[in-house]
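# Structural description and commentary
Chain residues, written in single-letter form:
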Amino acid sequence: MNLEKQIEQLREALDESRYTVAVTGAGISLSAGGITFNHSNIRELMGLGSEDMLRNDPDAYYQLLDKAFLHSMFHGEPSVAHKALRKLETEGKLQGIITTNVDCMHTIAGSENVAEIQGSLQINRCTHCYKRFDDYHIWANGTVPRCDLCGDVIWTFPFYSHVSLHEGNVRKAQRWISQTDLIIIIKPPFAQCGYN
């Protein structure tokens, strides 16, 4: 089936749907400068889960986080796909986006109904007093942010949870899925993900 026919079928499905949800993963962020696990150094990413590294060498920790996520978040821009999903949401044709991404690019693109089921860089807490800082902008200053209450370093959910599921966002995603009559799964061609 040619691309034009596929696009027409998608338009028809969106027009007929009462409740549509999109599901995305790392592939949607590749053209925005993001990474997938296949394009990253797993040992370095595992280091982001080390509280010792965060406390003992916050500059090195920040450099790893910047290399993996922050650079594309603050110096790139959302992909065409991020923007298209935002447009569908604005038009009332998309009720939610469920993503495994932690890079906040859906939010940066302007989408409001996003369930980041593995958490994201906008879910943060102090390592000492556990005060919450739910804003990805705290990572834009070129250094690990510090708590305004106790002065200790702030850590982000995907790494203090060791990339587990964020219960609140999982519940939101489950609620959306239970109501949906159309699910759009966004994925790049296998070659872009490093699969052969």
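Positions within a chain are numbered from 1, following the residues in the order the chain's sequence is written. Per-residue local features of the predicted model are confined to residues with pLDDT of at least 70, and side-chain atom pairs are confined, for both listing and counting, to 80 or more; whole-chain, interface and lining totals are unaffected and use all residues. Note that the side-chain values use all heavy atoms of the structure and ignore hydrogens as well as water.

### Structural notes on helix α4 (residues 58–75)
- With 18 residues, α4 extends only 21 Å from end C-alpha to end C-alpha; this falls clearly short of the ideal 26 Å at 1.5 Å per step.
- To get the bend at any residue, fit one axis to the seven residues that end at it and another to the seven that begin at it, then take the angle between the two axes. Going along the chain from the N terminus, every DSSP run of H or I of four or more residues is numbered as a helix, and every run of E of two or more is numbered as a strand. Residue aspartate 66 marks the point of greatest curvature in α4, where the axis turns by about 65°.
- Among the residues making up α4, those that are buried are Pro58, Tyr61, Tyr62, Leu64, Leu65, Ala68, Phe69, Leu70, Ser72 and Met73. A helix's residues, less one, multiplied by 1.5 Å, set its expected span. Only protein chains enter the accessibility calculation, which uses a 1.4 Å probe. A residue is then buried if its area is under 20% of the maximum for its type, exposed if over 50%, and partly exposed in between.

### Details of helix α1 (residues 3–16)
- A rise of 1.5 Å per residue sets the reference length of α1, with its 14 residues, at 20 Å; its end C-alpha atoms lie 20 Å apart and thus fit the reference within 8%.
- Its side-chain oxygen placed 3.3 Å from the backbone nitrogen of glutamate 4, asparagine 2 serves as the N-cap of α1. Contacts described as polar in this section are N or O atom pairs within 3.5 Å, which, within protein, must combine one atom able to donate a hydrogen with one able to accept it, while residues neighboring in sequence count only if both atoms come from side chains.

### Overview of the layout of surface pockets
- Approximately 770 Å³ is the volume found for the largest pocket.
- Cavities and pockets are defined on a 1 Å grid built over the protein atoms alone: a cavity is a set of grid points where a 1.4 Å probe fits but cannot escape, while a pocket is an open set with protein on both sides within 12 Å along at least five of seven lines, and lining residues are those with an atom within 4 Å of any such point. In terms of lining, the largest pocket is formed by 20 residues, of which the most central are Ile7, Leu10, Leu14, Ala84 and Leu88.
- The class makeup of the residues in the lining of the largest pocket is 13 nonpolar, one polar and six charged. Grid points are joined across faces, edges and corners, and a volume is the space filled by probe spheres set on the points. Under this grouping Gly is polar, as are all residues other than the nonpolar Ala, Val, Leu, Ile, Met, Phe, Trp, Tyr, Cys and Pro and the charged Asp, Glu, Lys and Arg.

### Remarks on the sheet that holds strand β1 (residues 20–24)
- Think of it this way: DSSP has to see at least two bridges between two strands before they count as a pair. Spatially, the four strands line up as an open sheet ordered β3-β2-β1-β7, and their pairing is parallel. Each edge of the sheet is formed by a strand with only one pairing partner; in this case those strands are β3 (114–116) and β7 (182–185). Within this sheet the neighbouring strands show an average axis-to-axis angle of 20°, counted without direction.
- Judged from the four bridges that link them, β1 and strand β2 (residues 96–99) form a sheet pairing that is parallel. Pairing of valine 23 across the sheet is with isoleucine 98, part of β2.
- The strands touched by helix α8 (residues 167–179) are β1, β2, β3 and β7; relative to β3, the strand with the most contacts, the crossing angle is about 130°. Note on geometry: axes are C-alpha line fits, over the in-contact stretch for helices, and angles between N-to-C directions span 0 to 180 degrees. Contacts between residues were defined by any pair of non-hydrogen atoms, one from each residue, lying within 4.5 Å.

### Remarks on unusual backbone geometry
- Positive phi values are uncommon outside glycine, yet cysteine 104 reaches one of about 65°.
- With respect to the secondary-structure elements, cysteine 104 resides in the loop between β2 and α6 (105–109).
- The residue tyrosine 130 is not glycine, and still its phi comes out positive at about 65°.
- Relative to the helices and strands, tyrosine 130 is located in the loop between β4 (124–126) and β5 (132–133).

### A look at the nonpolar core
- The criterion is simple. A nonpolar core is a set of buried Ala, Val, Leu, Ile, Met, Phe, Trp, Tyr and Cys residues joined through side-chain atoms within 4.5 Å. Grouped together as the largest cluster of nonpolar side chains are 29 residues, with contacts concentrated most on Tyr61, Leu65, Phe69, Met73 and Leu121.
- The set of elements that each furnish at least two residues to this core consists of α4, β6 (154–156) and α7 (157–160).
- Listed in part, the nine residues of the second largest apolar core include Leu14, Ala22, Leu85 and Ile97.

### So, the packing of aromatic side chains
- Two rings from Phe, Tyr or Trp (for Trp, the six-membered ring) form a pair when their centres are within 6.5 Å of each other. A pair whose planes differ by under 30 degrees is stacked, one over 60 is edge-to-face, and the rest are tilted. Taken as a whole, this structure holds four aromatic pairs when the rule is applied.
- For the pair phenylalanine 69 and phenylalanine 159, a centre-to-centre distance of 6.0 Å together with 45° between the ring planes defines the contact as tilted. One end of the pair, phenylalanine 69, is in helix α4; the other, phenylalanine 159, is in helix α7, with 90 residues separating them in the sequence. Of the two residues, phenylalanine 69 and phenylalanine 159, neither departs from the other in class, the shared state being buried.
- Ring pairing ties together the aromatic residues Trp155, Phe157 and Tyr160, which thus form one cluster.
- Whether a charge lies above a ring is judged from NZ of Lys or CZ of Arg, which has to be within 6 Å of the ring centre and within 35 degrees of the ring normal. Against the face of tyrosine 160 rests arginine 125, its NZ or CZ located 3.8 Å from the ring centre.

### A word on a nonpolar patch on the surface
- A patch is a set of surface residues, each over 30% in relative accessible area and not in a salt bridge, joined within 9 Å for like charges and within 5 Å for the nonpolar side chains Val, Leu, Ile, Met, Phe, Trp and Tyr. For accessible areas, the Shrake-Rupley method is used with a probe of radius 1.4 Å. Any residue's cover is judged against the shown protein chains and nothing else. A pair is scored as a salt bridge if a Lys or Arg side-chain nitrogen falls within 4 Å of a carboxyl oxygen belonging to Asp or Glu. There is a patch of nonpolar side chains on the surface, built from Ile177, Ile183 and Ile185 and spanning about 270 Å² of accessible area.
- With respect to the element layout, isoleucine 183 can be found in strand β7.
- On the basis of relative accessible area, isoleucine 183 is assigned to the partly exposed category, the value being 40%.

### So, the sheet that holds β5
- Taken in spatial order, the three strands of this open sheet run β5-β4-β6, and their pairing is antiparallel. Both outer strands of the open sheet, β5 and β6, are each paired with one neighbouring strand and no more.
- In this sheet, β5 lies alongside β4 in antiparallel orientation, the contact comprising two bridges. Residue pairing across strands places asparagine 124 opposite phenylalanine 133, the latter belonging to β5.

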